[in-house]
Amino acid sequence: MAVKSRSLFDMEIALPALADAFKKLNPASMLKNPVMFVTEAGAAITTACLFKTAGAGPFLFTLQITLWLWFTVLFANFAEAMAEGRGKAQADELRKTRTKTMANRLRAAGGTEQVSAELLRKNDVVVVSAGEVIPADGEITEGVATVDESAITGESAPVIREAGGDRSAVTGGTRVLSDRITVTVTANPGESFLDRMIRLVEGAKRQKTPNEIALTILLSALTIIFLATVMSLKCFGLYSGISFSIPVLVSLLVCLIPTTIGGLLSAIGIAGIDRLVQKNVLAMSGRAVEAAGDVNVLLLDKTGTITLGDRQATEFIPAEGVTLQELASAAQLASLADETPEGRSIVVLAKQYGLRGRSIAELPHARFVSFTAQTRMSGVDIDGRRIRKGAAAAVQAFAGSLFPPDIRMALSRIGQSGGTPLVVADSDRVLGIVHLKDIVKGGLKDRFDRFRAMGIKTVMITGDNRMTAAAIAAEAGVDDFVAEAKPEDKLALIRREQAAGRLVAMTGDGTNDAPALAQSDVGVAMNTGTQAAKEAGNMVDLDSNPTKLLEIVEIGKQMLITRGALTTLSIANDVAKYFAIIPAMLIAAFPATAPLNIMGLQSAESAILSAVIFNALILIALIPLALRGVQFQPVPAAVLLRRNILLYGLGGLAAPFAGIKIIDILVNALHLV
Amino acid sequence: MHPVNIIELLLFVGLLLAMTKPLGLHLAAVLDAQGKTVLDPFVQPAEKFLYRLIGIRSTDEQSWKRYTVSLCAFSLVSMLFTYAVLRLQHLLPLNPQGFGPVRPDLAFNTAASFTTNTNWQSYGGESTLSYFSQMAGLTLHNFASAAAGIAVAAALVRGISRHSVKTIGNFWVDLVRTNLYLLIPASFIFALFLMSQGVIQNFHPYVTAQPLDQQAAAAQSIAQGPLASQIAIKMLGTNGGGFMNANAAHPYENPTPLSNFLQMLAILLIPSGLTYYLGRMLKNQRHGWAVWTAMLIMFLASLSVCWWSESAGNPRLHALGVDAAEGNMEGKEVRFGIFDSALFATVTTSASCGAVNAMHDSFTPAGGLMPLVNIQLGEVVFGGAGAGLYGMLVFIVLTVFLAGLMVGRTPEYAGKKIEARDIKLCALALLILVCTILGFTAWAAVAPRGTAAITNRGPHGLTEMLYAFSSAAGNNGSAFAGLGATTVWYNTTLGIAMLLGRFFMIVPILALAGSLGAKKPMPQTAGTFPVAGPTFIVLLVGTVLIVGALTFLPALALGPIVEHFLMTTAPVVY
């Protein structure tokens, strides 16, 4: 789903959002946001005051207050609608991929029938040939095909999908480029992976996350406190012989209650999911995004995440009395039929030693011995030679004698460096060693260092032996590793970390990863993975790039920081608003309190109006911040805290003094009061 | 600001600091049912006897609900007991002055007042209550309510420090141990010291004194009584209910500069020690000291304003020829003067003590504002015995929740994730104080019954009412004075405010203890919100001040703040 990144106020989104902002004024839908509900009630009350002549204060002043209060509510609604709109736009793009297709369904009685894709049900079996669109999510039960998944992933290179193993899942809407496959449908219409993704990004089924609920409770409590403050102030005013007008009291209330965070809270949450979608990651719930920020342990598969897929041959080490050419030639012969990436890399390396490329076809009399778990060797019998390459122990058993000392030394050197040695032998004669090496992805060490600074531990999981694992772990800079890991070890490790109170994130693609994905707090399934893996995780990476786990964690943290920053800012803002409104309320009855007006606002009415205007404008000014998220730096918590407090705490304390003063000057220059 | 005052302040803070650790260590032993103290050989038999009497074992633990029920049941029964004693004092012994029964509303108010550790004194001690009422009816609560406060704080700290448990200690064990190992021995020693300074301790009838100048005054009746025993626990337990109406301004209650100094220190001793206890229990002593430092910063800030304002005095009086260098001596005991009065006022309102050695009503507006603000912030600056710590812990949880998000994790405190339920409970504790104070004061401000009692019109009258309900709901008990609060209406509303401010706060706090105790701990990492160090201290102080100031500023603006400007700049006299 090649998600195009949009400018923040794309008109295609902003205009409908504006309309939605009005629709959202419905009090029933406002109720879920207590802070904005109180603001709306306040706006309604001042509106009513407009029609009341006695004791409501000057009409024009009340009118302006009323308008700005409604603006405040509308701006908050607009922020939410913008966030939802951006999600909807992405959903629409996803939906485009769901073109009407026809499916060749296998009849129980045999033969196929043409049906519309919408009629397919779970467990139906369809046949898809080259050039056709796969009609529904499913598992390949037969055949192998190249599939163009660019509609979903935006990746133009076709991928191979085959029955059995971990690459058997296909997604509805993708196109088969070659060959022919039989697919068992795994989702009913409307329940497919794509459908769920669409619903999610549209925000239709959005539920508040746990932290969002807690924050809403706190904001509601603050709202109640300020209601008590303002209502009691009316009584204290009566005692003091001042009758505070209702628009003034409502203005004070709305300025005090945390409208900034209250208005932007849901937008922040939606935007968090949205940012993930832009990275081609689909979170199944907002809860998962929040959990990503809390993760303490990252469980990273070595292969694909830390290293570039497969091991590569990097070096030939001939035994004493064997030339490099001879070893390379034998290694190449032994690898010709070896279709594994390691095997191919040996052939490629051998070419660099001036050997011409040979192909199996040239050697009709050769008998190729393929790798089995029992022999743990592969090779070729040709011209009376029996060439084998394989693990040291296996080849030693094959050659029937101890390796010469130079080979033994080389073996242990390679082992310690984390490489994998393949010994090449011709019958009982040991020719030398092929050095296979994992290539660690660039930039990871730096990244892991930053995670460490944030208190996140990285654990590498690999099936390699301890020594190899240790060397790669050191090279990649992970904190810990698990060597010789079996799939169930992953699950056990997650359980162990969780028992110690840690939150674990991992990536996985295979069916045997499913239990671990389900157990982990943040389980990112690769889109290339099996359906079982995708069902078990709570996020799917459409690009199938395991390294993206790191970005997911950053986005989760960014969302939480944005929430905290705006809450702090919202509360810190209140101080300046007090200094604008309270002196204005006192000045008529107690002229002696003039020194309290430290901002030198020009009149009581302009002071109150300016505070209300500031309160509305700060909300709209912060919409971009809410949607984009605050800048995130991977540094220790203490540093991050200090920086954000300076910015949002102190900034939130000081900025409104300037803002209200400027608005006051404008209000008076324009003779608004 | 005389150098002697500075030295006294440094000595005061220095001694408080020095005693925090030893007391904290002792508290840790006392509040652990199996803890070992040096007092064990002397006290253990009594402890075991009391357990048998109540019918518990020291190893029994209670869930937060049972803990709450035990505490509330104990408080209710002891409150009814005191009510009965006051109503029946004419039938009871030790009544040499032959006082009659206490009026129902006054008895309710007094019983509520002492049960809640408020010690608001609507009654005049020496003119209303018999020795028996004072000793059995009131001093009982001085011990029990202080111990209950400490118990709640300990229960909350246990909830925070324990994990994956259902229990938070045993109320009866906490009650017994706190009294036997801490309050009673400490009070005994302190009472002896006070007697050495001249505090009286007797059961004599009142003495009649003939003034030398018989033209000027008639014969005076000089009250007597068992003062020292009550004064000691009044300070140590942050109770504040004096034997005499004049409280610590009375020469019998507070005879010497040394007694004054040590009484102030005694008020803050246990609250200060509890911060060390917090650090020790959480195995994060830096956190304990961070909380202590935050408290000290707010204490010194409040003291500075009060001291400065009282030293500056009243410009209006200066205009009439009063020596400006004297400062504001109205309503102050000349033996103590400006600094000791300002310090005492700050100490007594920082803690929920409420003992006074000067009339807060007569302070300058800004000077009187500070004690009022101290109470309204929830008395978390050291605070009451136990109540200060648990109030502060609510603010700590809120601080961690508000600012904790800014480190990019969902907030956690001491490895416990702060979730919706915890926030709900903290918000309840906060709301009850705010709504009680503002609600009752607003009612009083517009009700004839409320305004009839004030003796000063204008902003000062509002301050008087606001102070009364703040003091009651905050369980402080100090009076701003100037309010004739011994009416049925005030006795009843203030009594209710005290009960709301105490028990409606304790229940959510114990529930919070239960909620936190049941959680699984999360390990501390470099990504964890730091709860020690300067950033945390600034945040904590900021949260307390901003939440407190935002809530009460409008009310204060119409009271002391307006009054301050009227005094300094306005030509009008109210």
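Residues numbered from 1 in each chain as written. Chains lettered and ligands numbered in written order. Predicted model: local features only at pLDDT ≥ 70, side-chain atom pairs only at ≥ 80, totals over all residues. Heavy atoms only, no water.

Caption draft 1: Geometry of the packing of helix H21 (residues 549-587) of chain A against helix H19 (residues 534-568) of chain B. Packing of H21(A) against H19(B) brings their axes to within 11 Å, and their N-to-C directions diverge by 15°. The orientation of H21(A) with respect to H19(B), classified from their angle, is roughly parallel. Relative to H19(B), the crossing made by H21(A) is right-handed. Contacts from Ile571(A), Asp574(A), Val575(A), Tyr578(A), Ile582(A) and Leu586(A) of H21(A) reach H19(B) at Ile546(B), Ala549(B), Leu550(B), Thr551(B), Leu553(B), Pro554(B), Ala557(B), Leu558(B) and Val562(B). (Axes fitted to C-alpha atoms, helices over the stretch in contact; angles between N-to-C directions. Helix = DSSP H or I, 4+ residues; strand = E, 2+ residues; numbered from the N terminus. Parallel < 35°, antiparallel > 145°, perpendicular 65-115°, else oblique. Left-handed = near helix turned anticlockwise from the far one by under 90°. Contact = heavy atoms within 4.5 Å.)

Caption draft 2: Highlighting the confidence of the model for chain B. A residue-level look at chain B finds 99% of positions with pLDDT of 70 or above and a mean pLDDT of 91. Scoring of the predicted complex yields 0.87 for pTM and 0.93 for ipTM. (pLDDT = per-residue confidence, 0-100.)

Caption draft 3: Expanded view of the interface of chain B and chain A. Between chain B and chain A, the contact holds 63 residues from the first and 64 residues from the second. Where chain B abuts chain A, roughly 5000 Å² becomes buried across the two surfaces, and 78% of that area is made up of carbon and sulfur atoms. Counting the surface chain B buries against chain A, the share from its top three residues, Met406(B), Leu550(B) and Leu558(B), is 16%. Between Asp294(A) and Lys417(B) there is a salt bridge; the shortest N-O distance is 2.3 Å. Joining chain B to chain A, the criterion identifies 11 residue pairs in polar contact (both at pLDDT 80 or more). Elements supplying a minimum of two residues to the side of chain B that touches chain A: helix H14 (387-404), helix H15 (420-446), helix H17 (458-473) and H19 of chain B. Residue contributions to the side of chain B that touches chain A peak at 15 residues, all from H19(B). Looking at the side of chain B that touches chain A residue by residue, the class counts come to 44 nonpolar, 13 polar and 6 charged. (Buried area = accessible area lost by both parts, 1.4 Å probe. Salt bridge = Lys/Arg side-chain N within 4 Å of Asp/Glu carboxyl O. Polar contact = N/O pair within 3.5 Å; in protein donor to acceptor, adjacent residues only side chain to side chain. Nonpolar A, V, L, I, M, F, W, Y, C, P; charged D, E, K, R; others polar.)

Caption draft 4: Layout of the sheet that holds strand S10 (residues 281-283) of chain A. Residues and elements named next belong to chain A. Read from one edge of the open sheet, 7 strands run S10-S22-S21-S20-S11-S18-S19, paired in mixed fashion. What marks the edges here is a single partner per strand, and that holds for S10 and strand S19 (480-482). Ignoring which end each strand starts from, the neighbouring axes of this sheet average 20° apart. Pairing geometry for strand S21 (residues 522-526) and strand S22 (residues 539-541), over 3 bridges, is parallel. Bridge assignment links Ala-525 to a residue of S22, and that residue is Val-540. (Pairing = 2+ DSSP bridges.)

Caption draft 5: Geometry of the pairing of strand S14 (residues 377-382) of chain A. Residue and element names in this part refer to chain A. Most of S14 sits inside the fold, with 6 of its 6 residues counted as buried. Taking every second residue as pointing to the same face, both faces of S14 are buried, with Met-377, Gly-379 and Asp-381 on one and Ser-378, Val-380 and Ile-382 on the other. As paired elements, S14 and strand S15 (residues 385-390) share 6 bridges and run antiparallel to each other. Within the sheet, the bridge partner assigned to Gly-379 lies in S15 and is Arg-388. (Buried < 20%, exposed > 50% of the residue type's maximum accessible area, 1.4 Å probe, protein only.)

Caption draft 6: View of the environment of Thr141(A). Residue and element names in this part refer to chain A. Structurally, Thr-141 is set in strand S4 (residues 138-142). With relative accessibility at 45%, the residue Thr-141 sits in the partly exposed group. Once the C-alpha coordinates of Thr-141 and Ile-160 are considered, the two residues, 19 residues apart in sequence, prove to be 14 Å apart. Every residue in contact with Thr-141, bar those within four places of it in the chain, is listed here: Ala-163, Thr-182, Val-183 and Thr-184.

Caption draft 7: Representation of the nonpolar core within the structure. Ranked by internal contacts, the top residues of the largest apolar core, which has 327 residues, are Leu298(A), Ile306(A), Met539(A), Phe12(B), Met392(B), Tyr413(B) and Tyr490(B). At 19 residues, H21(A) tops the list of elements feeding residues into this core. In this structure Tyr490(B) touches Asn109(B), Ala444(B), Arg449(B), Gly450(B), Ala453(B), Met465(B), Phe469(B), Leu483(B), Gly484(B), Ala485(B) and Gly495(B), once residues within four positions along its chain are discounted. Counting 38 residues, the second-largest nonpolar core is a separate cluster that includes Ala350(A), Val380(A), Ala394(A) and Val434(A). (Core = buried A, V, L, I, M, F, W, Y, C linked by side-chain atoms within 4.5 Å.)

Caption draft 8: Up close: the packing of aromatic side chains. Residues and elements named next belong to chain B. Scanning all chains against the criterion turns up 26 aromatic pairs over all chains. Geometrically, the ring pair formed by Phe-12 and Phe-261 is edge-to-face, given 5.9 Å between the ring centres and 80° between the ring planes. Of the two residues, Phe-12 sits in helix H1 (residues 3-30) while Phe-261 sits in helix H9 (residues 257-281), which places them 249 residues apart along the sequence. Given a relative accessible area of 1%, Phe-12 falls into the buried group. (Phe/Tyr/Trp six-rings, centres within 6.5 Å; stacked < 30°, edge-to-face > 60°.)

Caption draft 9: Main features of the sheet that holds S4(A). Residues and elements named next belong to chain A. Reading across the sheet, the 6 strands line up as S2-S1-S3-S9-S4-S7 and stay open at both edges, with antiparallel pairing between neighbours. In the strand order of this sheet, the two ends are held by strand S2 (112-116) and strand S7 (169-170), each with one partner. Bridge count between strand S1 (residues 102-106) and strand S3 (residues 125-129): 2 bridges; the pairing is antiparallel. Within S3, the residue paired with Arg-105 across the bridge is Val-126.

Caption draft 10: Region of the structure containing a nonpolar patch on the surface. Residue and element names in this part refer to chain A. Residues Ile-662, Leu-666, Leu-670, Leu-672 and Val-673 make up a contiguous nonpolar surface patch of about 440 Å² in total accessible area. Summarising the element assignment, Leu-666 is placed in helix H24 (residues 637-669). Of the residues examined, Leu-666 reaches a relative accessible area of 47% and is grouped as partly exposed. (Patch = residues over 30% accessible without salt bridge, like charges linked within 9 Å, V, L, I, M, F, W, Y side chains within 5 Å. Areas by Shrake-Rupley, 256 points an atom, 1.4 Å probe, with all protein chains shown as cover.)

Caption draft 11: A look at the environment of Gln62(B). Residue and element names in this part refer to chain B. Along the chain, Gln-62 turns up in the loop between helix H2 (40-54) and helix H3 (64-87). Here the alpha-carbon distance between Gln-62 and Ala-107, two residues 45 residues apart in the chain, equals 33 Å. Setting aside chain neighbours within four positions, we find Gln-62 in contact with Tyr-67, Ser-70, Lys-166, Thr-167, Ile-168, Gly-169, Asn-170, Phe-171 and Trp-172. There is a polar contact of 2.9 Å between the side chain of Gln-62 and the side chain of Ser-70.

Caption draft 12: Inspection of helix H16 (residues 444-453) of chain A at higher detail. All names here are of chain A. Three or more residues of H16 are buried, namely Leu-444, Arg-447, Phe-448 and Phe-451. End-on, the buried residues of H16 take up no more than an arc of 100°, which puts them together on one face. The elements touched by buried residues of H16 are strand S11 (297-301), helix H11 (302-306), strand S18 (457-461), helix H17 (466-476) and H21. (Arc of directions from axis to C-beta.)

Caption draft 13: Just the packing of helix H10 (residues 285-312) of chain B against helix H12 (residues 337-350) of chain B, in detail. Residues and elements named next belong to chain B. It is at 9 Å that the axes of H10 and H12 come closest, and there the two elements cross at 145°. With respect to the hand of their crossing, H10 and H12 are arranged in right-handed fashion. Counting all contacts with H10, which are made through Phe-299, Ser-302, Leu-303, Cys-306, Trp-307, Glu-310 and Ser-311, the residues of H12 involved are Ile-338, Phe-339, Ala-342, Leu-343, Thr-346, Val-347 and Ser-350. The residue makeup of the contact of H10 with H12, split by class, is 9 nonpolar, 4 polar and 1 charged.

Caption draft 14: Seen up close, the pattern of salt bridges. Applying the stated criterion across every chain, the model contains 35 salt bridges over all chains. Across the pair Asp574(A) and Lys577(A) runs a salt bridge whose closest N-O atoms are separated by 3.7 Å. Taken together, the residues span about one helical turn, with Asp574(A) and Lys577(A) both in helix H21 at a distance of 3 residues. Residue classification places Lys577(A) among the buried residues on the basis of a relative accessible area of 1%. In this structure, Lys234(B) and Glu253(B) form a salt bridge, with 2.6 Å as the shortest nitrogen-oxygen distance. In this pair, Lys234(B) sits in helix H8 (residues 227-236) while Glu253(B) sits in the loop between H8 and H9, placing the two residues 19 residues apart along the sequence. Per residue, the accessibility class of Lys234(B) equals that of Glu253(B), and both read buried.

Caption draft 15: Inspection of unusual backbone geometry at higher detail. At Lys283(B), a residue that is not glycine, the phi angle is positive and equals roughly 55°. Among the secondary structure elements, Lys283(B) is positioned in the loop between H9 and H10.

Caption draft 16: Examining H2(B) more closely. Residue and element names in this part refer to chain B. A rise of 1.5 Å per residue sets the reference length of H2, with its 15 residues, at 21 Å; its end C-alpha atoms lie 20 Å apart and thus fit the reference within 8%. If you check which residues of H2 are buried, you get Asp-40, Val-43, Glu-47 and Tyr-51. Buried residues along H2 cover an arc of 85° about the axis, so they all sit on one side. Opposite the buried face of H2, at more than 90 degrees from it, the exposed residues are Pro-41, Phe-42, Pro-45, Lys-48, Arg-52 and Leu-53. The secondary structure elements touched by the buried residues of H2 are helix H7 (171-197). Positive backbone phi, approximately 85°, marks Gly-55, located one or two places after H2. (Expected span 1.5 Å × (residues − 1).)

Caption draft 17: Inspection of the side chain of Thr82(B) at higher detail. Residue and element names in this part refer to chain B. Looking at the element boundaries, Thr-82 is found in helix H3. One polar contact links the side chain of Thr-82 to the main-chain carbonyl oxygen of Gly-137, over a distance of 2.9 Å. Not counting residues within four places of it along the chain, the set of residues in contact with Thr-82 comprises Ala-111, Gly-137, Leu-138 and His-141.

Caption draft 18: Up close: the environment of Thr323(A). Residue and element names in this part refer to chain A. Here Thr-323 is to be found in the loop between strand S12 (312-318) and helix H12 (324-335). Look at Thr-323 and you get partly exposed, because its relative accessible area is 45%. Sequence separation between Thr-323 and Leu-431 is 108 residues, and the spatial gap between their C-alpha atoms is 8.6 Å. There is a polar contact of 3.1 Å between the side chain of Thr-323 and the backbone nitrogen of Glu-326.

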